[in-house]
Every structure is written in C-alpha cells, then in structure tokens.
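Residue-level structural notes
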Amino acid sequence: MMMLDNVSFFFNRAADHLGLDEKLRTILLTPNRVVRVEIVTESDSGDLMHHLGFRVQHSSARGPMKGGLRYHPSMDEEHAASLASLMTWKTAVVDIPYGGAKGGINCDPSKLSETELYRITTTFVELIKEVIGPTIDIPAPDVNTNATVMGWIMDEYSKFYGFSPGVVTGKPVDLFGSLGREEATGRGVMYALEECLKDQNRKLEDVSVAIQGFGNVGSNAARLIAQRGGKIVAISDIQGGIANNDGLDVPALIDWVNSNGSVQNFPGAHAIDGNEIIVYKADVLIPAALEEAITTENAGRVQATIVIEAANGPVTCKAHDMLVQQGVTVVPDILANAGGVTASYFEWSQNIQQFRWDESRVVEELEKVMRRAYRNVADLALRDDIDLRTAAFVLAIKRVARTTTLRRAVSHLLPASLLE
Ligand SMILES: NC(=O)C1=CN([C@@H]2O[C@H](COP(=O)(O)OP(=O)(O)OC[C@H]3O[C@@H](n4cnc5c(N)ncnc54)[C@H](OP(=O)(O)O)[C@@H]3O)[C@@H](O)[C@H]2O)C=CC1
Ligand SMILES: O=C(O)CCC(=O)C(=O)O
C-alpha cells in the first residue's frame, strides 16, 4: 500500500464510524489543486539541473491552506497528496483556522551547495507564486528545509507582491519568524507524551524513550523530554544509532551532531544498528524521521508500550492495528506533531498584525492548544471505544465536514452524527 492508501484507510475507518456517505467522503478526500512544476536552474559549475516541484492543496474549507515543504529524493505527487491530506485533518484536530497543503522538491539537498539550493528554491517560488500567499496557502519547514529556506521564500515572494512575511512560517526570528517556532513540534510531542502518560498514571520521570530521527523534531523532542526528567536511551539518524540505558546527555549530543553531522561515535554511548531503534527496549518509541518506519515486518517486535508519531505517517495501517492489538497506545501524527503548525499559526498571526509575541506567550498558548486537543481526542476515544487515531480523524472530519457543507449547498449530505 502507498502512503496515500494508508491515509485514506484511516479516514474511511473514521468515516464508517460517523456513517458518512460516499459523496461526502469524495468531497472531503479530493484535493482542491495539484501543482507540478519543472525547475530548471544552473549548477555552480554551469551545468543545467532539472528538478520537479510539487504543491498539493488539499482543502481550504477551514481557512488558508497550510503545510510544509520537503526537499527529498522521494518527493512526488503521491507523497505530497498524502501529506497534504494529513495537514487538513491535523489543523482541524487542533482547531486552528487553516486547511491543509504540502509540497516540496524532488532533490537531494546533501548533494547541492547553498547557492544551488537558493536558486532551486527561488525558481520554485517564481513558478508557484500565483497559488500561494498569506490568505491562500502558507508553506513552512519540513524534512531538509529550515528557517533559512523559509527566509528565501519570503524574500522571493515579496519581490513580486511587496513585503509579505505572512506568506511562509518557520522563518528566522530576525526575518519576522516567531520565537518558539523552531522547537514547537518537539515541544508539542512532549506535551502529547505527558498527556498520554497522565492517562496511565505515569510521569515523564518514569519512562525511557527511544527516538528515530535527530533532526528538528527528534532533537527538540529529546531535549525537552530529557529536561523534564524523561530518560532518552536510544537515538538514530540516517547513518546509524546510539544507545545508553543510563540515559543520553542530550544537550551534549546536540553539540556533537552540530560538529560531526551525525549521532554516530558520540562518546557517551555505544553503537546500535539504526534499523533496530524501532524494536529497542524502551517504554516509549518516538518515530521522528520519515513515513512507514513501522510496518508489518517490525511491528510485532516493538517493545515500547507507547508510540508517539512525531513523524508524519510513520506507521502503516496494518502495523497500526497490530500495535493496538498488542496493547500499544499509538498517539497519531495528526495530534502528536501538531505543535509545529500551531506555532506556525501564531507566527502568521504576528506577521499579519505586524506584532511580536514574547516566547512565553507562544509556549503558553501552544501548551493550551496541545493539551486541549489531546483531551478532546482521548475523551472521544474513551466515549466511543475507539483507538486514538480513529478518534482524532472522527474529530477532524466532523469539523471539516461541517465547514465544507456550510460553505456549499450540500448540507443534505451531513449525517446526524456530524451535528452532535
Ligand atoms: N519540522 C516540523 O515542524 C515538522 C515536521 N514533521 C515531521 O517530522 C519528521 C521529521 O521532520 P524534521 O525533523 O523537520 O526533518 P529534519 O530534516 O530536520 O530531520 C529528519 C531526521 O530524520 C533522519 N532520518 C531520515 N531517514 C532516516 C532513517 N531511515 N532512519 C533514521 N533517521 C532518519 C535524518 O537523519 P540525517 O540527519 O542523518 O539525515 C534527520 O535526523 C517528518 O516526518 C516531518 O514531516 C511534522 C510536523 C512538523
Ligand atoms: O508549520 C506548518 O505550517 C506545517 C508543518 C508541517 O508540515 C506538518 O505539520 O507536517
């Protein structure tokens, strides 16, 4: 199954629970717009480079479309479409006034110089500028993109439309970004884990944690969880894994990775096979890299009793059901990693008002949104005896379906279950 099939599977399970008819399912699942552009630029040596760029705008029912840009060799239309659909349900779960979109460029940034990446990015913006904008579609960082890239996007877009900081979020703080956005996804993951543990009468201090991926999300989640007493025992990146059952010194590891480019050979740990991180003996597993990290191949060997999906789509639908049957609590991506887009909403709000919030305000509001969303989902799961993922989709579908039908003359498609 492709990732888009996994998203549709989870959507349809929740739609079955709500008794949604086929017409409304089709309206809700079909993207508004699919954009594919050809990016032709010059390399530093003067050769022509040709890359494909994508932006899939899934739904604008609840507001401007929102979602990251990924620079990766696996980026294609199907990837962008599945991630865009997830964004629609994610923004609805945390109840922020956005729809969903996602995109990126099929490229390998590790093989490109900074100037090549700049030219590719600005050419991409030139090609999609008519379909993005502060009230239309607002990109943000995702895998292999960061604040610097977002700054370039803002600058390029502003050349055509005038100063427009609200066209993109996750910008450098010196370039109208928000304090607290960089670490927000990891911070949200930490709140989701705390809420999950609360329901099991446990605390962060009681648990050991293994994390796959040590980029923006993985490293910030590790740092913040460790700061509150959680023991991070194993971490992997693309090159391999490291472990220390007494707990890794996360700030020292972050310094190590900044100097050495990988977690490998960190002096305070022993090496493990990177693929084994998923089945490492820890109370909590946080996949924070790419999709489909947990499949039917390894789900049966997962030892953690809690999986927090910091990445988008890290668990396939069959693996999800295996984990649930094994008694593992799976906190789904559209809830667990929603801290990033929530802080993006705060950044965009600051930009369109030409106003700046203190970091403490960002953190306070983010905590409120994340804990409230978790409680809404967990309460619904308990009430309807469904797993957390189905509950998150049910909540999101209700919200998106209501606005969709209110904005079009199709209210006859709404079943009574959506009105309660
Ligand atoms: N950035 C954000 O705000 C948000 C991100 N997400 C999701 O979180 C996930 C991570 O994103 P982000 O942290 O931003 O991306 P980054 O590019 O900052 O980091 C990605 C990390 O994943 C690692 N990685 C890639 N493949 C593997 C693998 N096979 N095994 C182990 N590690 C691997 C990379 O290793 P290496 O460093 O060696 O390349 C890197 O450490 C993605 O699924 C993204 O969609 C979700 C919500 C918001
Ligand atoms: O911050 C944003 O707007 C989007 C983040 C994102 O791409 C995601 O949540 O997957």
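See the structure printed just above.
Please read all numbers here as calculations on a predicted model, not as lab measurements.

The rules behind these values
- Each chain has its residues counted from 1, following the order in which its sequence is written.
- All chains are assigned letters beginning at A, and all ligands numbers beginning at 1, according to the order in which they are written.
- With pLDDT at 70 or above as the cut-off, local features in this predicted model cover only qualifying residues; side-chain atom pairs require 80 or more to be listed or tallied, and sums for whole chains, interfaces and linings still use all residues.
- Side-chain measures here rest on the full set of heavy atoms in the structure, leaving out hydrogens and waters.
- Two strands make a pair as long as DSSP finds a minimum of two bridges between them.
- Under the DSSP-based scheme used, a helix requires at least four consecutive residues in state H or I and a strand at least two consecutive residues in state E, with every element numbered from the N terminus.
- Between N-to-C directions, angles span 0 to 180 degrees; the directions come from axes that are lines fitted to C-alpha atoms, helices contributing only their stretch in contact.
- Counted as salt bridges are all cases of a side-chain nitrogen of Lys or Arg within 4 Å of a carboxyl oxygen of Asp or Glu.
- Each residue's exposure class comes from its accessible area (1.4 Å probe, protein chains only) as a fraction of the maximum for that residue type: buried when under 20%, exposed when over 50%, partly exposed otherwise.
- An angle below 35 degrees is read as roughly parallel, one above 145 as roughly antiparallel, one from 65 to 115 as roughly perpendicular, and any other as oblique.
- We call a crossing left-handed when the near helix sits turned anticlockwise from the far one by less than a right angle, and right-handed when that turn is clockwise.
- Here, residues are in contact when the closest pair of their heavy atoms is within 4.5 Å.
- When residue character is reported, Ala, Val, Leu, Ile, Met, Phe, Trp, Tyr, Cys and Pro are called nonpolar, Asp, Glu, Lys and Arg charged, and the others, Gly included, polar.
- We call a residue near a molecule or strand as soon as one heavy atom of that residue lies within 4 Å of the molecule or strand.
- Polar contact criterion, stated in full: a pair of N or O atoms within 3.5 Å, where within protein one must be able to donate a hydrogen and the other to accept it, and residues adjacent in sequence count only if both atoms are side-chain atoms.
- Computed by Shrake-Rupley with a 1.4 Å probe, the accessible areas treat only the displayed protein chains as cover when residues are assessed.
- Pairing of aromatic rings covers Phe, Tyr and the six-membered ring of Trp, with a centre-to-centre limit of 6.5 Å; geometry is then stacked below 30 degrees between planes, edge-to-face above 60, and tilted otherwise.

Read across the sheet, 7 strands follow the order S9-S8-S7-S6-S10-S11-S12 without closing on themselves; strand pairing throughout is mixed. Sheet topology places strand S9 (270-272) and strand S12 (329-331) at the edges, where each strand pairs with a single neighbour. Within this sheet the neighbouring strands show an average axis-to-axis angle of 20 degrees, counted without direction. Direction of pairing for strand S6 (residues 208-212) relative to strand S7 (residues 231-237): parallel, over a ladder of 5 bridges.

Turning to the pairing of strand S1 (residues 33-42), a few remarks are in order. One ladder, built from 10 bridges, connects S1 with strand S2 (residues 48-59); its direction is antiparallel. Following the sheet pairing, valine 37 is matched in S2 by glycine 53.

One pass over the structure, following the stated rule, counts 28 salt bridges. For aspartate 137, the salt bridge goes to arginine 55, with nearest N and O atoms at 2.7 Å. Of the two residues, aspartate 137 sits in strand S5 (residues 137-141) while arginine 55 sits in strand S2, which places them 82 residues apart along the sequence. Accessibility classification places aspartate 137 together with arginine 55 in one group, the buried group. In this structure, glutamate 309 engages arginine 389 in a salt bridge whose closest nitrogen and oxygen atoms are separated by 2.6 Å. Here glutamate 309 is found in the loop between strand S11 (306-308) and helix H9 (317-325), whereas its partner arginine 389 is found in helix H13 (residues 388-407), with 80 residues between them in sequence. With a relative accessible area of 0%, glutamate 309 lands in the buried category. By relative accessible area, which is 2% here, arginine 389 ends up buried.

Below, the discussion takes up the packing of helix H4 (residues 114-128) against helix H5 (residues 147-161). Across the interface, H4 lies against H5 with an axial gap of 9 Å and an inter-helix angle of 45 degrees. Relative to H5, H4 is oriented oblique. In terms of crossing hand, the pair formed by H4 and H5 is right-handed. Packed against H4, whose contacting residues are Glu114, Leu117, Tyr118, Thr121, Thr122, Val125 and Glu126, the element H5 presents Thr148, Val149, Trp152, Ile153, Glu156, Tyr157, Lys159 and Phe160 at the interface. In terms of residue class, the contact of H4 with H5 is built from 8 nonpolar, 3 polar and 4 charged.

The next thing to look at is the site of ligand 1. By nearness alone, 23 residues border ligand 1, and Asp142, Thr185, Asn216, Ala289 and Asn312 come closest of all. At 2.6 Å, a side-chain N or O of aspartate 142 approaches an oxygen atom of ligand 1. Between glycine 215 and ligand 1, the recorded distance is 3.1 Å, taken from a backbone N or O atom to an oxygen atom. Calculation on ligand 1 without its partners gives an accessible area of 890 Å², and the protein chains cover 82% of this total.

Moving on, we come to the environment of threonine 122. By secondary structure assignment, the location of threonine 122 is in helix H4. A residue is classified by how much of its surface remains accessible, and threonine 122, at 9% relative accessible area, is buried. Considered as a pair, threonine 122 and aspartate 155 are 33 residues apart in the sequence and their alpha carbons are 8.8 Å apart. Discounting residues that sit within four places of it in the chain, threonine 122 has contacts with Trp152 and Glu156. Of the polar contacts made by the side chain of threonine 122, one reaches the backbone oxygen of tyrosine 118; its length is 2.9 Å.

As enumerated under the stated definition, the model contains 13 aromatic pairs in all. A ring pair is formed by phenylalanine 10 and phenylalanine 393, whose centres lie 6.4 Å apart and whose planes are at 35 degrees; its orientation type is tilted. Of this pair, phenylalanine 10 sits in helix H1 (residues 3-18) while phenylalanine 393 sits in helix H13, and the two are 383 residues apart along the sequence. The exposure class of phenylalanine 393 is buried, given its relative accessible area of 1%. Ring plane angle 45 degrees and centroid distance 6.5 Å describe the contact between tryptophan 89 and phenylalanine 393, whose orientation is recorded as tilted. A residue pair is termed long-range when its members are at least 10 positions apart, and tryptophan 89 in helix H3 (residues 77-93) and phenylalanine 393 in helix H13 qualify at 304 residues. Comparing tryptophan 89 with phenylalanine 393 shows no difference in burial state: the two are buried.

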